[in-house]
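Descriptive structure summary
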Amino acid sequence: MKPLHCSLVALLLFAACKRETPHAEEGHAHEEGAAHEGEHHDDHGEPHVRIASEMLRDLRITTAPVGVRPGGESVTALGELTFSEDAYAEVAAPIAARVSAVFVTTGQEVKRGDRLADLQSPELGKARASLQAAQAQASAARQAAERKRALAEERIVARKDVQTAEAEAAAAEASVAAARAELMALGVSDEELRGGNVPPGFVLRAPLSGTVVERTARMGQMADPNQPLFCIGDVSSLWLVVHAFERDAVRIQRGTQARVTFAAFPGQEFMAKVGHVGQRVDPTSRTIPVRLELDNADGHLRPGMSATAYIPLGDPGAPITAVPAAALQRLEGGWVAFLPTEARGVFERREVGRGRTLGGDVEVLSGLKPGEQVVVEGAFLLKAEAEKLSGGGGDPHAH
């Protein structure tokens, strides 16, 4: 019986080992799969970081191209977008009047001369009556002058009487012109005046083409001449006014191309031209205003947006390669950038030689070529993932 007992024990132990072997192999395979889901290398040996799809949904990742910019010195200045002085108008009632109709709304495009609102005022009635009285007086004065001239030819009246009548006729004509000008200032068109059809109210018209950016006019409202009813601006070209310290402003040249970034558009750059450098130093801040002109044909930019401008000083130097500062991350004693690949959630980790800080950008000495796309927002999280997967601690499965 003793040999039989030993044989049964050995058989049971063998079966138990056979059941445990697949689990151990499965666990080993799972660890290898997780490692491949994190960091791996391509055929050329470049390290990549792979982000799981469920984690990628929660990340906000933006990219920007590696750019080329002029070398030399530059200055960083803050400012705010505004309308061009020649492309902005505030439209108010010329006299106290009541709004009887409004024809435009905020955001609407208008052309020069378009009807904005109808207004009614007792002052218009007075001006219309003044025109009619002036026209009657002018007609009577012209007739009197003609009679005097006829009598003078027959030597019935003296020549000086003719001159007096002609002067009175000229004064009456001047009164008519003044009354017409007053009505035109109230919105009555020249056509209406020539036809003698002066309306009971007057019209506010757009003084320039642009967008209605603000409207305070309401039906039945009593308009105050000191308060604008409409603000109209042309947003296709905007001004960015920045303030540079006097030691830098004197080296800024008109016509220089400057780079501009906006907090509302991270990772994007806009080009602007220096249109004017102020002639007066602010005694408090010791700065000089600098006007930059930006094209905004696509309408993405809005007046009032805050911006940062990078303006070259003096003559430009040799061109340099640069990327936004957030695109470079310090990893394992060096600097790296992350480049998106064709595979979703896979980013190439590229070692980069870092140069000077250039405002919001940094100079790239090696590792990147102009035009390549690099991750800007989200680069820090990719760096943390790369550290975790390269043995910096943490569970390689935790995405």
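Everything that follows concerns the structure shown earlier in this document.
Residues numbered from 1 in each chain as written. Predicted model: local features only at pLDDT ≥ 70, side-chain atom pairs only at ≥ 80, totals over all residues. Heavy atoms only, no water.

Turning our eyes to something else, we now look at the overall build of the chain. When you go through the chain residue by residue, the secondary structure sums to seven helices and 24 strands. Of all 399 residues assigned to the chain, the portion counted as buried reaches 37%. Partitioning the contacts of the chain with sequence separation of at least 6, the portion at a separation of at least 24 is 70%. A total accessible area of about 23,000 Å² is found for the chain, and carbon and sulfur atoms account for 52% of it. (Helix = DSSP H or I, 4+ residues; strand = E, 2+ residues; numbered from the N terminus. Buried < 20%, exposed > 50% of the residue type's maximum accessible area, 1.4 Å probe, protein only. Contact = heavy atoms within 4.5 Å. Areas by Shrake-Rupley, 256 points an atom, 1.4 Å probe, with all protein chains shown as cover.)

Generally speaking, soluble globular proteins have nonpolar side chains that are buried together. Core analysis: the largest hydrophobic core is formed by 34 residues, its most contacted members being Val 110, Leu 116, Leu 119, Leu 204, Leu 229, Phe 230 and Ile 232. Of all the elements in the fold, those that place two or more residues in this core are β6 (88-91), β7 (97-102), β9 (115-120), α3 (122-153), α4 (159-185), β10 (202-205) and β13 (230-233). Of the residues forming this core, the biggest block, seven residues, is contributed by α3. Residue contacts for Val 110: discarding those within four places in its chain leaves Val 104, Leu 116, Ala 206, Leu 208, Ser 209, Gly 210, Val 212 and Ile 232. Val 260, Val 274, Val 290 and Leu 301 belong to the second-largest nonpolar core, a separate cluster that totals 28 residues. (Core = buried A, V, L, I, M, F, W, Y, C linked by side-chain atoms within 4.5 Å.)

Turning to helix α7 (residues 379-389), its buried residues number three or more, namely Ala 379, Leu 382, Lys 383, Glu 385, Ala 386 and Leu 389. Buried residues of α7, seen end-on, are gathered within an arc of 165° and therefore sit on one face of the element. (Arc of directions from axis to C-beta.)

What follows is about the sheet that holds β13. Strand order in the open sheet formed by four strands is β6-β13-β11-β8, with antiparallel pairing between adjacent strands. Each end of this open sheet is capped by a strand with a single partner; those strands are β6 and β8 (109-110). Two strands pair when backbone bridges link them, and β6 and β13 are joined in this way by four bridges, in the antiparallel orientation. From the neighbouring strand, Tyr 88 faces β13, where its bridge partner is Gly 233. (Pairing = 2+ DSSP bridges.)

Our focus in this paragraph is the side chain of Lys 383. Its place among the elements puts Lys 383 in helix α7. Polar side-chain contacts of Lys 383 include one of 3.4 Å to the backbone oxygen of Arg 330. The contacts of Lys 383, once residues within four sequence positions are left out, are Gln 329, Arg 330, Leu 331 and Phe 338. (Polar contact = N/O pair within 3.5 Å; in protein donor to acceptor, adjacent residues only side chain to side chain.)

We now examine the pairing of β9. Across four bridges, the pairing between β7 and β9 is antiparallel. Within the sheet, the bridge partner assigned to Val 99 lies in β9 and is Leu 119. Of the pairings in the sheet, the one linking β9 to β10 comprises four bridges and is antiparallel in character. When the sheet's bridge partners are listed, Arg 115 is paired in β10 with Arg 205.

Take the pattern of salt bridges next. For the structure on display, the rule yields twelve salt bridges. For Glu 269, the salt bridge goes to Arg 259, with nearest N and O atoms at 2.4 Å. Residue Glu 269 is located in the loop between β15 (257-262) and β16 (270-277), and its partner Arg 259 is located in strand β15; the two are separated by ten residues in the primary sequence. Of the residues examined, Arg 259 reaches a relative accessible area of 7% and is grouped as buried. Residues Arg 350 and Glu 348 are paired through a salt bridge, measuring 2.6 Å at the closest nitrogen-oxygen approach. By relative accessible area, which is 13% here, Glu 348 ends up buried. Bridged by salt links that share partners, the residues Arg 259, Glu 269 and Asp 361 form one connected network. (Salt bridge = Lys/Arg side-chain N within 4 Å of Asp/Glu carboxyl O.)

This next bit is on the sheet that holds β7. Read across the open sheet, the four strands follow the order β10-β9-β7-β12; overall the sheet is antiparallel. The sheet terminates laterally at β10 and β12 (222-223), the two strands that pair on one side only.

Let us look at unusual backbone geometry. Peptide bonds are, in most cases, trans, and in most cases residues other than glycine have a negative phi. Notably, Arg 286 is not glycine yet its phi reads approximately 60°, a positive angle. Here Arg 286 shows up in the loop between β16 and β17 (287-295). With a phi close to 55°, Glu 332 is a non-glycine residue in the positive phi region. Tracing the backbone through its elements, the reader meets Glu 332 in the loop between β20 (329-331) and β21 (334-340).

Applying the stated rule across the entire model yields three aromatic pairs. Judged by centre distance (5.0 Å) and plane angle (25°), the rings of Phe 83 and Tyr 88 are stacked. Ring geometry for Phe 262 against Phe 270: centres 5.3 Å apart, planes inclined by 85°, an arrangement best described as edge-to-face. Here Phe 262 matches Phe 270 in class, with each residue buried. Taken together, the ring pairs in this structure connect Phe 262, Phe 265 and Phe 270 into an aromatic cluster. When the ring centre of Trp 239 is taken as origin, the NZ or CZ atom of Arg 291, which lies over that ring, is 4.1 Å away. (Phe/Tyr/Trp six-rings, centres within 6.5 Å; stacked < 30°, edge-to-face > 60°. Lys NZ or Arg CZ within 6 Å of the ring centre and 35° of its normal.)

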